[in-house]
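# Structural characterization, general
As a plain string of letters, each chain reads:
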Amino acid sequence: MLIADDLNQLLEILPDFIKQPLENHVNRKLLIEVVMDLGRKPEARFPKGPEYLSSRIITWQDLDYCIKRIGNFSGDNRSGIERTLHRISSIKNRQGNIIGLTCRVGRAVLGTISIIRDLLEKNPSILLLGRPGVGKTTAIREIARVLADEMEKRVVIIDTSNEIAGDGDVPHPAIGRARRMQVSEPNLQHQVMIEAVENHMPEVIIIDEIGTELESLAARTIAERGVQLVGTAHGNYLDSLIKNPILSDLIGGIQYVTLGDDEAKRRGSQKSILERKAAPAFQVAIEIHERHNWIVHESVGQAVDQLLQGANLWVQRRKLIEDGSINIQCEQYVSNNFVSNINVYTAKAKNSKLFNTKLINLESSVQSLTDDSKSQWELGTSINKFSKDTVADVLNIRLYIYYINIAQVEMIINNEQFSITITRDIVQADVILALRSKLKHNTKLKQIAKSKQITIYTICSSTSINIKRALKQILNVNRISNCNWDVICENREKEELEGLIETRLAIQKIIETKKQSVELLPRIVNIRKLQHQLISCYNLRSRSCGEEPNRRLRIYPN
């Protein structure tokens, strides 16, 4: 990464007793800001903490010395140094006199957004979240340069405080060929946003610090006109944006919905629930927790829905390593109760790369297979390392409960250690377990199950014996009692696990669901024998086809 900070130009506006210690400071390149408050000692702030630069006290004359060497302060009490990215903010007393200055170092860091280069090439609208000072503005400045110079798009920056492109009429070279529109007053930012779309025909609009309801509305209007947005907002987590009534429109808006008695019982929820109101203005949200450690939500709409429902949410943690390589980990975001302020990220695949992300999406990849009678299932590049936890995650059956006590079902699942996960979203379910008497009168549920090809199991009464028997039938325990999955997978090599998982998912997702034959990937003879053994547990027919080294199995439905 290349870093340009123009630090000497910032030091030139400071009094000598502040400038000289900084010029000789060992951590000069890491300087964050210099603080000058009337009647106090000058202070320099570094990533490891603050330190005093002199024992001399700041006077009126020292503040005037700095003010005379910078431009005028705008309505948001900010100023800058022309053709640099430094920002000088003032603190005023009740009479309007400046009694304090914060001189923040602005740096252009090239190469910071290689961590999300693949997302930029897909042209989504991207929202960056993070606390102040974590590097959001530096990131969107580099995004603007990459989009304008390397991807050759028409980029317009709405630079309210001249923080992205620097102070003065000529923008800083760090934004490349992107154009910059300045805002005369901070409360007019939303008007300039709309003006940029109407007058300058941009393909991308860059906005820093979306913070008002009018700016949120303007961002939504721009998104609806088909213009790509890249913006920032203050907030550490995606759910903190959901709870913010001013900014929630950026991710679709939130509304209360009152359910009927039957629907509330079916969902196992309260009658008043939160739901997303509309499509989000930003398709991708990125939480910047550290400068080179980002959490990526690739589908904001889906993420918000899952957070509101209390469902588990998969996210990516992307890290930029010192040697320039990128490390991507898949993690599960656990939010048992949306109104809770606790955010927990549980690692599921440590030290994994991008192919682990594909593994988590394995089931969705299977569902999108061709509808031909002979499906060639190519999973070789999607599977790399397997652990028992990973195998369990991929092969868990998602069960939707209708008019049966969820706590009772969960207790049976836990006691018997069934590989079943209960979901409250019928669209995500693999199987439905319902009370027979209640299912008769619910034609809508039957229609959904038919359209989504979801199997429905019914029981006449919700006793523990009936529920346990139904769960065993769902897991096909009676038919494959001689084939314990853990035993089959025990002490297997990576290639053997690939073949077994490929076979089982092909049976569950294609043979049983679509009633179609499926052709597996070519395997060596030992792996084909294992696949034959697993297929026989399901009472299905299979035969080998093709010539070595491309000999493979073909599975047929009953």
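Residues numbered from 1 in each chain as written. Predicted model: local features only at pLDDT ≥ 70, side-chain atom pairs only at ≥ 80, totals over all residues. Heavy atoms only, no water.

Turning to the pairing of strand β7 (residues 98-104), a few remarks are in order. In terms of strand pairing, strand β2 (residues 33-37) meets β7 through five bridges, oriented antiparallel. Counterpart to glutamate 33 in the pairing with β7 is arginine 104. By the bridge criterion, six bridges tie strand β6 (residues 87-92) to β7 in an arrangement that is antiparallel. Residue pairing across strands places isoleucine 91 opposite glycine 100, the latter belonging to β7. Linking β6 back to β7 in an antiparallel pair, the connection comprises five residues, with glycine 96 at a positive phi of about 90 degrees. (Pairing = 2+ DSSP bridges. Helix = DSSP H or I, 4+ residues; strand = E, 2+ residues; numbered from the N terminus.)

Let us look at the sheet that holds strand β22 (residues 397-402). If you trace the four strands from one edge of the open sheet to the other, you get β23-β22-β24-β25, paired in parallel fashion. A single partner strand is all that each edge strand has here, and the edge strands are β23 (420-423) and β25 (455-459). Geometrically, the sheet is characterised by an average inter-axis angle of 30 degrees between neighbouring strands, direction not taken into account. With four bridges joining them, β22 and β23 adopt parallel strand pairing. Looking at the pairing, leucine 399 lines up with isoleucine 422 of β23. The sheet contacts of helix α14 (residues 406-416) involve β22 and β23, and relative to β23 the element is tilted by about 165 degrees. Each of β22, β23, β24 (431-435) and β25 touches helix α17 (residues 464-474); the most contacted strand, β25, lies at about 155 degrees to it. (Axes fitted to C-alpha atoms, helices over the stretch in contact; angles between N-to-C directions. Contact = heavy atoms within 4.5 Å.)

Across the sheet, which stays open at both edges, the six strands sit in the order β4-β3-β2-β7-β6-β5 with antiparallel pairing between neighbours. Strand pairing shows two members of the sheet lacking a second neighbour, β4 (49-52) and β5 (78-80), which therefore form its edges. The average angle at which neighbouring strand axes cross in this sheet is 25 degrees, direction not considered. For β5 and β6, the ladder comprises three bridges, and the chain directions are antiparallel. Among the inter-strand pairings, glycine 80 is bridged to a residue of β6, identified as arginine 87. Sheet contacts for helix α3 (residues 60-67): β2 and β7; angle to β7, the most-contacted strand, approximately 50 degrees.

On to the confidence of the model for the protein, then. Residues of the protein with pLDDT of at least 70 account for 85%, and the chain-wide mean is 81. For residues 336-394, every residue scores under 50 in pLDDT, and the model assigns this stretch 125 contacts once sequence neighbours within four places are set aside. Long-range and interchain partners of residues 477-482, a stretch whose pLDDT sits below 50, account for nine contacts in this model, where long-range means more than four residues apart. (pLDDT = per-residue confidence, 0-100.)

Here the focus is the environment of leucine 31. Take leucine 31: it is sitting in the loop between α2 (16-23) and β2. Overall, leucine 31 belongs to the buried group, its relative accessible area being 1%. Put simply, leucine 31 and arginine 104 are 73 residues apart on the chain and 8.7 Å apart in space, counted from C-alpha to C-alpha. In this view, leucine 31 contacts Leu7, Leu22, Ala44, Arg45, Phe46, Val105 and Arg107; residues no more than four positions away in its chain are not counted. (Buried < 20%, exposed > 50% of the residue type's maximum accessible area, 1.4 Å probe, protein only.)

Residues spaced three or four apart along an α-helix face the same direction, because each turn holds 3.6 residues. Every buried residue belonging to α14 is among Ile406, Gln408, Val409, Ile412 and Ile413, and all of these are buried. The arc enclosing the buried residues of α14, seen along the axis, measures out at 165 degrees, which places them on a common side. Exposed side of α14, more than 90 degrees from the buried face: Ala407, Asn414 and Asn415 are the residues found there. Buried-residue contacts for α14 involve β22, β23 and α17. Positive backbone phi, at 55 degrees, marks glutamine 417, one or two positions downstream of α14. (Arc of directions from axis to C-beta.)

Take the nonpolar core next. Ranked by size, the top nonpolar core spans 37 residues in total, and within it Ile158, Ile205 and Leu238 carry the most contacts. Element by element, the count of residues in this core is highest for helix α10 (residues 300-309), at five residues. When neighbours within four sequence positions are excluded, leucine 238 is seen to be in contact with Leu129, Ile251, Ala285, Glu287, His297, Ala303, Val304 and Leu307. (Core = buried A, V, L, I, M, F, W, Y, C linked by side-chain atoms within 4.5 Å.)

A few words now on the environment of arginine 504. Looking at where arginine 504 falls in the secondary structure, it is placed in helix α19 (residues 494-514). In sequence terms arginine 504 and glutamine 531 are 27 residues apart; their C-alpha atoms lie 8.7 Å from each other.

This part is about the packing of α19 against helix α20 (residues 525-537). Packed helices, taken two at a time, are described by their axes: the angle between them and the distance between them. Two numbers describe how α19 lies on α20: the axes approach to 9 Å, and their chain directions differ by 35 degrees. The crossing of α19 and α20 is right-handed. Contacts between α19 and α20 involve Glu495, Glu496, Gly499, Leu500, Glu502, Thr503, Arg504 and Ile507 from the first element and Ile527, Leu530, Gln531, Leu534 and Ile535 from the second. The residue makeup of the contact of α19 with α20, split by class, is six nonpolar, three polar and four charged. (Left-handed = near helix turned anticlockwise from the far one by under 90°. Nonpolar A, V, L, I, M, F, W, Y, C, P; charged D, E, K, R; others polar.)

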